[in-house]
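# Residue-level structural notes
Take a look at the letters that make up each chain.
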Amino acid sequence: MSATKARSIDTDAETEQYNEALQLLSEGSVHKHFDPYLDIDWESAEYAVPPGDRRWILPAKTDPLGGHPWYQALPEDQQIAIGMWRQANVAKVGLQFENILIRGMMQYVFSLPNGSAEARYCTHESIEECNHTLMFQEMVNRVDPDAPGMNRPMRMVSPILPLFATILPELFFVGVLAGEEPIDHIQKSILRSGEEIHPIMEGVMAIHVAEEARHISFAHQLLRRRVPKMSKIGRFFLSLAFPITMRILCDVIVIPPKKFWQKFDIPKQVKDDLFWGTEASQHALQDYFGDVRMLATDTGMMNRAAKLMWKVCGIDGKASRFRSEPDRSSSQFAA
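To keep things clear, this report deals only with the structure shown in the data block.

Take the overall build of the chain next. The number of helices and strands found in the chain is 14 helices and zero strands. From first element to last, N terminus to C terminus, the chain shows the α and β order α-α-α-α-α-α-α-α-α-α-α-α-α-α. Relative to the compact-globule value of 20 Å for 335 residues, the chain shows a C-alpha radius of gyration of 21 Å, a close match. Expressed along its principal axes, the backbone C-alpha trace of the chain runs to roughly 75 × 45 × 40 Å.

Here you go:
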C-alpha cells in the first residue's frame with residue numbers, strides 16, 4: 001500500500017470518528033436539554049429576590065472579591081448590594097458573549113454542505129445558547145437590571161467578531177473556548193464548594209454547566225481536527241494568538257466594568273489585588289486554562305515562542321491531564 005493511500009485511509013477513518021462524535025453530541029442535545037421556562041419556576045416563592053437576602057453575599061472561597069478584607073469589612077447591606085450587582089453582571093456578560101457565539105455559529109454553518117455533522121451540531125448548540133441567553137436575562141431582570149455586562153470597547157467590536165467564524169474559523173473557536181472555559185470553571189467551583197447561594201444562581205448554573213460540557217467538548221474536537229491541517233505558518237501564528245485571545249476575553253468576562261468600581265466606590269488597590277495582583281488571584285487566573293493548555297499542547301501549538309506568550313499573558317502553567325481535572329493545589333481566596 002502506498003503512503004498516499006495509507007494517509008487517505010487514515011483521513012477517512014478520522015473523519016468517520018469525528019462525525020460519530022458529533023452525532024453523539026447532537027443526540028445528547030436531542031435527549032437531554034433544558035428549557036429556561038420549564039425547568040426554572042421563576043415565579044415561585046423559592047426564586048423570589050427579597051431585599052436583604054444574605055445568600056447574595058459573595059462567597060469567600062470561590063469569589064476573589066468575596067475573600068478580600070475590604071469587602072468583608074463592609075456592612076452587610078453593602079455586601080449584599082455588591083454581590084447582587086456582580087452576579088447579575090456576570091450573567092449579563094455571559095448572555096452577551098453567547099449572543100456573539102450564536103451569530104458566529106450561524107455564520108460558520110451557512111456554507112457547510114448538506115448532511116454535515118458539524119452543521120447539525122452547531123445548530124443544536126445555537127438553540128441551546130439561545131435558551132441560555134433567555135435564562136441569563138431572566139436572572140439579570142430579577143437580581144439587578146442595572147447591570148451593563150461587557151465593557152464598552154468589547155461592545156463596540158462585538159459586531160465584527162462573528163465574521164471570524166468564516167474568515168479564521170480556528171481563531172473564532174479559540175475565542176469560543178476563551179469565553180466558555182473561565183465561566184465554566186468558575187461555576188463548577190461554586191457548585192462544588194457547597195456554600196449557600198440563591199436558588200436562582202444555583203438553578204441557572206446547574207443548567208449552564210450541564211449543557212456547556214457538550215459545547216466545550218465540540219470546540220475542543222473541532223480544533224483538534226482543524227489545527228493539525230493548517231499550514232505551519234498559520235499554525236504558528238494561531239499558537240501566538242491562542243494565549244492572547246484567552247487572556248483578553250477572560251478579562252472581559254471576569255473583571256467587572258468601570259461602572260462597578262465607580263458605583264460602589266471600590267478602591268483601586270482592591271481592584272489591583274483582585275485582578276491579578278496577589279499570588280492567590282494569579283493562581284486562580286492560571287487555573288482557568290489548564291484544559292486549553294492541554295489542547296494547545298496536543299495540537300502542536302505549545303512551541304517555544306507560544307510558551308513565552310502564555311507566560312507574558314500570565315496564564316502559563318501545567319496542562320490538564322484530562323478535561324475538567326480539578327486543581328488540588330488551588331489557593332483559597334479567603335485568608
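Let us now look at the nonpolar core. Counting 90 residues, the largest nonpolar core has Phe173, Phe218, Phe242, Met246, Phe289 and Trp310 as its most contacted members. By residue number, the principal contributor to this core is helix H3 (residues 76-109), which donates 14 residues. Once residues lying within four places of it in the same chain are set aside, the contact partners of Phe289 are Pro182, Met246, Cys250, Trp310 and Ile315.

Moving on: the pattern of salt bridges. Inspection of every chain in the model, using the stated rule, returns 15 salt bridges. Put simply, Glu27 and Arg120 hold a salt bridge, and the shortest N to O gap is 3.5 Å. Of this pair, Glu27 sits in helix H1 (residues 3-31) while Arg120 sits in helix H4 (residues 117-143); the two residues are 93 residues apart in sequence, bridging distant segments of the chain. Its relative accessible area of 31% is what places Arg120 among the partly exposed residues.

The rules behind the values
- Residues numbered from 1 in each chain as written.
- Predicted model: local features only at pLDDT ≥ 70, side-chain atom pairs only at ≥ 80, totals over all residues.
- Heavy atoms only, no water.
- Helix = DSSP H or I, 4+ residues; strand = E, 2+ residues; numbered from the N terminus.
- Rg over C-alpha atoms; globule rule 2.2 N^0.38 Å.
- Core = buried A, V, L, I, M, F, W, Y, C linked by side-chain atoms within 4.5 Å.
- Buried < 20%, exposed > 50% of the residue type's maximum accessible area, 1.4 Å probe, protein only.
- Contact = heavy atoms within 4.5 Å.
- Salt bridge = Lys/Arg side-chain N within 4 Å of Asp/Glu carboxyl O.

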